[in-house]
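# Structural features, examined
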Amino acid sequence: MPQMGVSVAEGTIVAWRKRVGDWIEADEPIVEISTDKVETEIPSPASGRVAEILVEVGETVDVGVLLARIDSDARPGEAHVDEGPASEVIGHRSEVIEKDGNGHAPPISPVVRRMADEHGVDLSQVEGSGRRGRVTKKDLLAFLGDKPDTQHPTPETPAAEPALHSESPYREEEPAPAAATGSQELSVMRRQIGAHMVRSLQTAAHCTTVVEADMSAIEAARGKLSYLPFVARATIAALREYPMLNATLEGDRLTVHDEVNLGIAVSLGEDGLIVPVVKNAHELSHEGLATRIKDLAVRARSKKLTPDEVSGGTFTITNPGAFGALLATPIINQPQVAILDLEAVTKRPVVVNGDSIAIRPMTYLCMSWDHRALDGAVAAQFLSAVRRHIEGFDG
């Protein structure tokens with residue numbers, strides 16, 4: 001298990017991209033790993049043939065644990081076993097692997113193999129429609145002629161299987177069911193997020209402060225850009241005025257950072273969320289921030305982030321307002337001391353110039369902060385500074 005950041009001690013295997021007997025090139029993704037900070041693909045350290053997989057999907061192991069062995073002396077195209085079925089060790093158990101015409105094992109997911117075993121189906125008799133002739137779950141269900149019943153948990157098909165199928169690296173694009181029924185196992189990332197949030201609530205003395213901001217100046221200047229990079233730029237300026245917010249608290253040690261490494265929460269839909277970090281964000285304009293945030297979000301959703309890109313944050317912004325939310329109390333991203341929540345920008349009547357009423361694009365800036373490190377006065381002053389920079393934006 002590779003080191004996935006200085007504060008990460010363990011990782012969970014989400015999916016193997018290769019099977020025992022498959023050929024793999026150096027730097028080609030071999031395994032997908034999830035931690036409480038990132039879900040990412042790990043490249044192979046060398047070219048060769050996968051000789052052994054030691055840790056199965058769903059297992060959580062410490063950093064430094066051996067995950068697999070690669071035979072770097074093997075050559076491409078050479079058969080790695082005799083013709084016909086052969087016994088291979090996969091994750092502490094022995095099973096028979098069917099070979100295709102090139103001497104490789106067809107990439108059949110564990111769920112499909114388990115279902116076939118339960119129903120006594122010889123997979124060589126099932127016509128596969130997947131990549132490289134893979135027999136998919138849909139193919140097996142069609143072969144069994146039992147698709148409606150197998151969509152629901154039964155004693156023969158446990159509820160955990162649909163969750164395992166959704167984690168498969170070979171999953172096909174299928175529409176989500178119209179309505180969920182029965183129990184369902186949480187994904188690895190969902191469990192990691194939950195553990196991280198509970199730990200934060202048990203660690204920090206959470207408080208929330210809210211101010212309202214007029215977004216007229218940004219509305220006039222943003223063009224096709226979202227509000228987020230402008231608010232990020234205003235936040236960075238305010239952090240320079242109140243550096244106690246650009247800090248991390250670990251135990252009794254508070255570290256105030258010179259560099260602003262800005263975490264941006266990115267929604268992954270039903271898969272959860274992740275917080276990539278814009279390193280040295282204080283050196284970027286709002287245009288530069290927009291470019292970096294977009295790049296990180298795209299790579300986060302395609303699982304192309306590196307461990308370094310999700311570690312070392314000093315302050316975080318989350319943006320549920322993009323989905324229409326008006327108020328929230330976000331949970332602090334440990335070990336940081338505060339997190340800013342950008343809510344929806346909506347037009348509403350406000351008092352301007354003392355006694356006049358006008359329609360303005362307004363938003364609420366909600367910030368959760370750690371009372372162990374800060375007091376309410378500093379939190380309010382910081383948020384007022386963020387609002388000042390937003391309302392005074394001049395390009």
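Residues numbered from 1 in each chain as written. Predicted model: local features only at pLDDT ≥ 70, side-chain atom pairs only at ≥ 80, totals over all residues. Heavy atoms only, no water.

Quick look at the overall build of the protein now. Broken down by element type, the protein carries 9 helices and 20 strands. Within the protein, buried positions represent 45% of all 395 residues. (Helix = DSSP H or I, 4+ residues; strand = E, 2+ residues; numbered from the N terminus. Buried < 20%, exposed > 50% of the residue type's maximum accessible area, 1.4 Å probe, protein only.)

Before going further, it helps to examine unusual backbone geometry. Residues Q334 and P335 are joined by a peptide bond in cis, for which omega reads 5°. For P335, the position within the fold is in the loop between β17 (315-318) and β18 (338-342). Residues other than glycine seldom take positive phi values, yet D27 does so here, at roughly 75°. Relative to the assigned elements, D27 resides in the loop between β2 (23-24) and β3 (29-34). Unlike most non-glycine residues, N353 shows phi in positive territory, near 55°.

This next bit is on the environment of G395. Among the structural elements, G395 can be located in the segment after α9 (376-391). Given a relative accessible area of 73%, G395 falls into the exposed group. For G395 and F230, which are 165 residues apart along the polypeptide, the C-alpha to C-alpha distance reads 9.6 Å.

As for its position among the elements, K18 is in the loop between β1 (10-16) and β2. With a relative accessible area of 14%, K18 lands in the buried category. Within the local environment of K18, its side chain forms a polar contact with the backbone oxygen of W23, the two atoms lying 3.4 Å apart. Here E28 takes part through its side chain, which lies 3.0 Å from a polar atom of the side chain of K18. (Polar contact = N/O pair within 3.5 Å; in protein donor to acceptor, adjacent residues only side chain to side chain.)

Together, V210, L326 and L327 make up a nonpolar patch on the protein surface, roughly 270 Å² of accessible area in all. Inspection of the secondary structure puts L326 in the loop between β17 and β18. (Patch = residues over 30% accessible without salt bridge, like charges linked within 9 Å, V, L, I, M, F, W, Y side chains within 5 Å. Areas by Shrake-Rupley, 256 points an atom, 1.4 Å probe, with all protein chains shown as cover. Salt bridge = Lys/Arg side-chain N within 4 Å of Asp/Glu carboxyl O.)

The next point concerns the environment of H389. Tracing the sequence through the fold places H389 in helix α9. Distance in space between the C-alpha atoms of H389 and V231 is 8.5 Å, their sequence separation being 158 residues. Those residues in contact with H389, other than ones at most four positions away along the chain, are A234, A237, A238 and E241. Looking at H389, its side chain comes within polar contact range of the side chain of E241, at 2.6 Å. (Contact = heavy atoms within 4.5 Å.)

Enumeration according to the criterion identifies 2 aromatic pairs in this entry. Ring centres of F230 and F393 lie 5.2 Å apart, and the angle between their planes is 85°; on these two criteria the pair is classed as edge-to-face. In this pair, F230 sits in helix α7 (residues 228-241) while F393 sits in the segment after α9, placing the two residues 163 residues apart along the sequence. With respect to class, F230 is no different from F393; both count as buried. Stacked on the ring of Y227, the Lys or Arg R222 has its end atom at 4.0 Å from the ring centre. (Phe/Tyr/Trp six-rings, centres within 6.5 Å; stacked < 30°, edge-to-face > 60°. Lys NZ or Arg CZ within 6 Å of the ring centre and 35° of its normal.)

Between the first and last C-alpha of α7 there are 20 Å, a value that for 14 residues agrees with the 20 Å anticipated at 1.5 Å per step. A large share of α7 lies buried, amounting to 11 of its 14 residues. Along α7, the residues that are buried comprise L228, P229, F230, V231, A232, A234, T235, I236, A237, A238 and L239. Residues of α7 that are buried make contact with α6 (216-221), β13 (262-264), α8 (286-301), β17, β18 and α9. (Expected span 1.5 Å × (residues − 1).)

With 5 of 6 residues buried, β3 is to be regarded as a mostly interior element. Here β1 pairs with β3 via 4 bridges, running antiparallel. The partner of T12 across the bridge, within β3, is S34. (Pairing = 2+ DSSP bridges.)

Core analysis: the biggest nonpolar cluster contains 51 residues, and L262, F315, L365, M367 and F382 have the highest contact counts within it. No other element matches the 8 residues that α7 contributes to this core. In contact with L365, other than residues within four places in its own chain, are T209, V210, V211, A213, L340, D341, L342, L383, V386, R387 and I390. By size, the runner-up hydrophobic cluster in this structure holds 14 residues, among which are I13, I24, I33 and I42. (Core = buried A, V, L, I, M, F, W, Y, C linked by side-chain atoms within 4.5 Å.)

For helix α5 (residues 188-203), built from 16 residues, the straight-helix expectation of 22 Å at 1.5 Å per residue is met to within 8% by its first-to-last C-alpha distance of 23 Å. Within the span of α5, buried status applies to V188, M189, Q192, I193, H196 and S200. An end-on view of α5 places all buried positions within 130° of arc, on one side of the element. (Arc of directions from axis to C-beta.)

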